[in-house]
Amino acid sequence: PRLHVEADLRAGLVLPLERAQAGYLLTVLRKAEGDRVHLFNGRDGEWRAEIRPNGRKSADLALIEQTRPQPAPADLHYLFAPLKTGRLDYMAQKAVEMGAGLICPVFTRYTQGERLKLDRLRANAIEAAEQCGILAIPEIAEPARLPEALDALEPGRLLVFCDEDAAVADPVAALRAAADPASPPPLAVLVGPEGGFSPDEGERIAGRPATVALSLGPRILRADTAAVAVLALVQAVLGD
Ligand code: SAM
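For clarity, every value in this text was computed on a predicted model and none was experimentally measured.

Describe the sheet that holds strand β1 (residues 2-4), and please don't skip the residues or the numbers.
Judged by pairing direction, the sheet is mixed, and its 5 strands sit side by side in the order β1-β3-β4-β5-β2 without closing on themselves. Every interior strand has two partners, whereas the edge strands, β1 and β2 (14-16), have only one. Neighbour-to-neighbour, the strand axes of the sheet open up by a mean angle of 40°, direction not taken into account. By the bridge criterion, 5 bridges tie strand β3 (residues 36-40) to strand β4 (residues 46-53) in an arrangement that is antiparallel. Within β4, the position partnered with Val37 by the bridge is Ala49. Across the sheet, helix α1 (residues 19-28) lies against β1, β3, β4 and β5 (59-68), angled at about 175° from β1, the strand it touches most. Here helix α3 (residues 118-132) sits on the sheet in contact with β1 and β3, set at roughly 160° to β1.

Go over the environment of Gly42 with me, naming the residues and quoting the values.
The topology assignment puts Gly42 in the loop between β3 and β4. Residue contacts for Gly42: discarding those within four places in its chain leaves Gln70, Leu135 and Ile137.

I'd like to hear about the packing of helix α2 (residues 85-97) against helix α7 (residues 223-238), residue by residue, with values.
Where α2 contacts α7, the two axes come as close as 9 Å, and the packing angle between them is 5°. Classified by the angle their axes make, α2 and α7 are roughly parallel. Across the interface between the two elements, Arg87, Tyr90, Met91, Lys94 and Ala95 from α2 touch Ala223, Asp224, Ala227, Val228 and Leu231 from α7.

Describe the site of the ligand, with residues and values.
Near the ligand lie 17 residues; those nearest to it are Cys162, Glu164, Leu216, Arg219 and Leu221. In this structure, an oxygen atom belonging to the ligand sits 2.8 Å away from a main-chain N or O atom of Cys162. Arg219 has a polar backbone atom sitting 2.7 Å from a nitrogen atom of the ligand. When the ligand is considered free in solution it has 570 Å² of accessible area, and contact with the protein chains removes 83% of it. Of the residues belonging to the shell around the ligand, the class tally is 9 nonpolar, 4 polar and 4 charged.

I'd love a proper account of the pairing of β3, names of residues and values included.
By the bridge criterion, 3 bridges tie β1 to β3 in an arrangement that is parallel. Bridge assignment links Leu3 to a residue of β3, and that residue is Leu39. Here β3 folds back onto β4, and the loop between the two strands holds 5 residues, one of which, Gly42, carries a positive phi near 90°.

Hey, could you go over the nonpolar core for me, with residue numbers and the actual values?
By size, the foremost hydrophobic cluster in this structure holds 41 residues, and its most contacted members are Tyr78, Val160, Leu175, Val189, Val191, Leu214 and Val230. At 9 residues, the largest contribution of residues to this core is made by α7. Aside from chain neighbours lying at most four places away, what touches Val160 is Leu175, Ala188, Val189, Leu190, Val212, Leu214, Val230 and Val234. In terms of nonpolar packing, the next biggest core, distinct from the first, is built from 17 residues, Leu3, Leu25, Val37 and Leu61 among them.

I'd like to hear about the environment of Arg219, residue by residue, with values.
One can find Arg219 in the loop between β12 (211-214) and α7. For the pair Arg219 and Val37, spaced 182 residues apart in sequence, the C-alpha separation works out to 44 Å.

Explain the environment of Pro69 to me, and be specific about the residues and the numbers.
As for its position among the elements, Pro69 is in the loop between β5 and β6 (76-80). The exposure class assigned to Pro69 is exposed, which follows from its relative accessible area of 59%. Separated by 26 residues in sequence, Pro69 and Arg43 have C-alpha atoms that sit 9.3 Å apart. Residues within four places of Pro69 in sequence aside, it is in contact with Gly45 and Leu135.

Thresholds applied
- Residues numbered from 1 in each chain as written.
- Predicted model: local features only at pLDDT ≥ 70, side-chain atom pairs only at ≥ 80, totals over all residues.
- Heavy atoms only, no water.
- Pairing = 2+ DSSP bridges.
- Helix = DSSP H or I, 4+ residues; strand = E, 2+ residues; numbered from the N terminus.
- Axes fitted to C-alpha atoms, helices over the stretch in contact; angles between N-to-C directions.
- Contact = heavy atoms within 4.5 Å.
- Parallel < 35°, antiparallel > 145°, perpendicular 65-115°, else oblique.
- Near = heavy atom within 4 Å.
- Polar contact = N/O pair within 3.5 Å; in protein donor to acceptor, adjacent residues only side chain to side chain.
- Areas by Shrake-Rupley, 256 points an atom, 1.4 Å probe, with all protein chains shown as cover.
- Nonpolar A, V, L, I, M, F, W, Y, C, P; charged D, E, K, R; others polar.
- Core = buried A, V, L, I, M, F, W, Y, C linked by side-chain atoms within 4.5 Å.
- Buried < 20%, exposed > 50% of the residue type's maximum accessible area, 1.4 Å probe, protein only.

Printed below as a string of structure tokens:
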């Protein structure tokens, strides 16, 4: 199993496990003394540790050695208009699983999400990183309004804009035409809110030079469905 911890990781360290993590390891996974666990904190790579139960319900983890170095974070920027909390948790986790390295909440005219809880977004990013086996935990950017979010993108970063009104018959061809799969540029993906983008937002986005609007088919997808679809497409055509 792989567990996220906040502590710095170095050889010889013995970490007391939090109650919930001890419960998970000892009760759910029925791990015992001497069993191995992999730890990561998002900064020091992956470490192998051994379980040292101390008392019935808790355990320590004795760090043995680093098993994977800390990788560079993924470079894909995922820009999204916040949704209602339940769907937002799902969308944040899927963005991490699908390769986002920076998660950027963008407030648009029709955004309906309640007040955004950034610590909840970060907890979702950590949980998804544990589950999908990545060591560089995606960063959660400060929420921005759409114009600021667009201005914050480097000019050379290709923005893949999910637009259900885009007259794009072949999104794969459109993506290939906008970026050379052999040496793809830095990428950003933008998915709108439940209410879609306003017309002037659509123009503002399409007016950005390095932007490609993609239709993901004839049906209107929920924003969290569109997120998975477009990230899968981008990874398939331009993935690392
Ligand atoms: N305008 C939609 C409507 O009329 O119901 C509402 C927006 S849709 C629920 C949420 C977002 O998902 C859109 O802003 C767009 O970014 C993306 N999306 C949904 N369906 C799509 C499609 N077929 N192609 C591309 N993007 C889509």
